[in-house]
Amino acid sequence: MAGENIKVLLVEDNPGDVLLLQELFKEVTTVVVELMPVERLYEALNYLTNEIFDVILLDLSLPDSQGLQTFVIAHNQAKATPIIVLTGIDDETLAIRAMQEGAQDYLVKGQVTGDLLVRSMRYAIERQRADDALRDSEERFRVALKNSPIFVYNQDRDLRYTWVYNPPSGLTVEEILGKQDLDIIPVEDAQRLIAIKRGVLTTGIGTREEVSITIKNITRYYDLTIEPLRNETQEVIGVTCASIDISERQAALRERKLAEEKIREQAALLDVTTDAICVRDLNNKIIFWNKGAETLYGWQATEAWGKNASELLYDEPSPEIEAALLQVISQGKWQGELTKLTKTDQEILVGSRWSLVYDEQGKPKSILTVDTDITEKKHLEAQLFRAQRLESIGTLASGIAHDLNNILTPILAGAQLLPLKFPDADERTRHLLEILEINARRGADLVKQVLSFARGVEGKRITLQLRHIIVEVAKILKETFPKSIEISTDVPQNLWMVSGDSTQLHQVLMNLCVNARDAMSNGGTLSISAENLLIDENYARMNLGAKEGPYIVITVSDTGVGIPKEMLDRIFEPFFTTKDVGQGTGLGLSTVLGIIKSHAGFVSVYSELGSGTSFQVYLPAVEGMETLSPEDMPPQTGHGELILVVDDEVAIQEITITSLEAHNYKILVASDGIEAIALYAKNRDTISAVLMDIMLPSLDGLTAIRTLQKINPQVRIIASSGLMSDNKLSAVAAIGVNTFLSKPYTVNELLLSLQKVLS
């Protein structure tokens, strides 16, 4: 197109159309069009063998060729010349097929002007030049690769080869394309490569490895670089790899590297689990630290490498650790349970397996440790053992109560019959008989409470609305409790129904409220609330007595002195009490437990010294609503929002991560307030919301929330806690957080809270 001239080969058998095009081109002043018209396709092909044209204008209806085949023949003959179809056939399907076959444009006669034709030809010529330049570049790249020792290839997400240059000796491109590593190399080599490439696909981060590959019984060693292959939206669609043969390099170094790679391979296979894999040398220095270890202990691999394992994971040396070390050195292995520390100084219980690793000469060189978090398992075992202990105590109490009833029955009957037998007895004697009857009745009441704990209680079960019982109890409390204790209730109008004995459930609430009163000798707030709860699998995992299904949850909370942690396991045992002599029998909570268990429910308690106690009573809901039907709407899923989860309980972290990721959210995790602030400061532009536990080590949740609000006043926060005392809720609300999520929570509750803050 130099000198603003365009040399055009016009293949057109209609003289009128040729004349019309010549007139159209005369009207164009920006370029000079040299038009060479021919009437048949074979004439055009003859011209193309001897002359070079900038562009071809091709009619599809010619005397010697018709339709799309006309274009195909011309294109195959003149691949270097751009072809514009100029035809009288206005067929969109034909136009699409022509463009798919390689036409630069498809124009319809009678719908074009000279300027349009020139513009189309210019675009076609420029596109052809760009295609030619690309082909030249690819050819130079191909020649450069052909003369280099580098094996280069691409694989898709299924790790099938899609593009190959310079295959290694013993293989051809045809033998590789469309296949996977398992199809062309031995299983062991293929699995090693697959593990590395899967890691890149998962993380989106490239890597460089030294690998060995056996092809036709010949083993070669390669320096392998793997990078993620992304599309225009930055989505990882495969891997691109470059492999250099390094078989002639330092054989001794290679052997050492292969030994280290074997350890990494074994650990990489466990990266998909929650197990923590650590390798220490014989000086206790960490030389390998996998992703599971990062998740479990909080230390990144770069932070752990080279550190002393004892200093990193233990508060102080212990005889148990020294004994384990001696056994693994002498016997080659050890396993047991250990208490270790996370980065946030949180204690976790792990099942630990130690194995001694030997070098090629059979000498010990390192210790491989595999740790499994069993904190949640031990917690559930403790709940189970507590339930079994209560069951055993109940069995014993039941037997004793049975005998006591047999003893008290004649005493009580005698105390009632003697005044009738001796009507003339003096006043002192009658008073003594009255005392005998009163105390016999007290003994019978105690036995009745013991039996209610031991084997539950029976009564008339009807479908009832707990809201009425709560209102009645609150009225009694306001009339009888000291004025220094404020009574508050929160019961929704659409509370579900339960099947139970109203008298017994009334007794449960009164026992809990009396205990709350006794814990607030200087006054405080007693709160009674109720809510509907759909317990799912996640919730059931966090509570031994829970089953999936609809429940009513009644919460009785006080702001009293709280219960010491060491006493929480015993408060439901009969006759166990912390009250002074004469102020309680220790049967109130055991009666509560017996009644609720007989109603197929369960009880949980949260307490903090100095901050009060919260009892939660769970009762199965039944059909029959007073107003509204149970809410059973499926939760909405997320749209890839990034959520920062802050909690020091590993079990809560894992459950929350699993729940949110299953509903299309992305997660960042922090174990304390300090880590949460650091993560938020680094990712504030991408974090959509923060789920913050109020009770955290190092830096409490309230302080962390205030700091996040200083970083970003518009930060969206959901506060969470297992103890919903009024003063804690007030403190959270006072700093501007209006969304509170009580532990344990269901997936639906969590998603609804997120939807609330994100909207």
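These notes cover the structure that comes with them.

Considering the packing of aromatic side chains
Alright, step 1. All chains considered together, the criterion is met by seven aromatic pairs.
Alright, step 2. Note on W163 and Y165: the rings are 4.6 Å apart at their centroids and 85° apart in plane angle, and the pair reads as edge-to-face.
Alright, step 3. Taken together, the aromatic side chains of F151, Y153 and Y161 make up a single cluster linked through ring pairs.
Alright, step 4. In this arrangement the basic side chain of K7 is found over the ring face of F53, its NZ or CZ atom lying 5.1 Å from the centre.
Alright, step 5. One Lys or Arg, R517, reaches over the ring of F481 and ends 5.3 Å from the middle of that ring.

Focus: a nonpolar patch on the surface
Alright, step 1. A contiguous nonpolar patch, built from L282, L325 and I329 and spanning about 250 Å² of accessible area, is present on the exposed surface.
Alright, step 2. Summarising the element assignment, L282 is placed in the loop between β13 (276-281) and β14 (286-289).
Alright, step 3. A relative accessible area of 46% places L282 in the partly exposed class.

Regarding the pairing of strand β17 (residues 364-373)
Alright, step 1. As paired strands, β13 and β17 are joined by six bridges and run antiparallel to one another. Each bridged residue has a counterpart across the sheet, and for C278 the counterpart in β17 is T369.
Alright, step 2. Across nine bridges, the pairing between strand β16 (residues 347-358) and β17 is antiparallel. In the sheet register, S355 faces β17, and the bridge partner there is L368.
Alright, step 3. From the end of β16 to the start of β17, which pair antiparallel, there are five residues, and G362 there has a positive phi angle of about 85°.

A look at the pairing of strand β20 (residues 497-500)
Alright, step 1. As paired elements, strand β18 (residues 462-464) and β20 share three bridges and run antiparallel to each other. Pairing of I462 across the sheet is with G500, part of β20.
Alright, step 2. Bridging between β20 and strand β24 (residues 612-622) involves two bridges; their strand directions are antiparallel. For M497, the partnering residue across the bridge sits in β24 and is V622.

Some words on the nonpolar core
Alright, step 1. Counting residues in each nonpolar core, the largest one holds 43 residues, and the members touching the most others are L466, L477, L526 and F615.
Alright, step 2. Broken down by secondary-structure element, the contributors of at least two residues to this core are α16 (466-480), β19 (485-490), α17 (502-518), β21 (524-535), β22 (549-558), α19 (588-598), β23 (602-608) and β24.
Alright, step 3. Looking at this core, the element that brings in the most residues is α17, giving seven residues.
Alright, step 4. Contact partners of L477, with chain neighbours within four places excluded, come to I487, M510, C513, L526 and I528.
Alright, step 5. Residues I286, W289, W299 and Y314 belong to the second largest nonpolar core, which totals 25 residues.

The rules behind these values
- Residues numbered from 1 in each chain as written.
- Predicted model: local features only at pLDDT ≥ 70, side-chain atom pairs only at ≥ 80, totals over all residues.
- Heavy atoms only, no water.
- Phe/Tyr/Trp six-rings, centres within 6.5 Å; stacked < 30°, edge-to-face > 60°.
- Lys NZ or Arg CZ within 6 Å of the ring centre and 35° of its normal.
- Patch = residues over 30% accessible without salt bridge, like charges linked within 9 Å, V, L, I, M, F, W, Y side chains within 5 Å.
- Areas by Shrake-Rupley, 256 points an atom, 1.4 Å probe, with all protein chains shown as cover.
- Salt bridge = Lys/Arg side-chain N within 4 Å of Asp/Glu carboxyl O.
- Helix = DSSP H or I, 4+ residues; strand = E, 2+ residues; numbered from the N terminus.
- Buried < 20%, exposed > 50% of the residue type's maximum accessible area, 1.4 Å probe, protein only.
- Pairing = 2+ DSSP bridges.
- Core = buried A, V, L, I, M, F, W, Y, C linked by side-chain atoms within 4.5 Å.
- Contact = heavy atoms within 4.5 Å.

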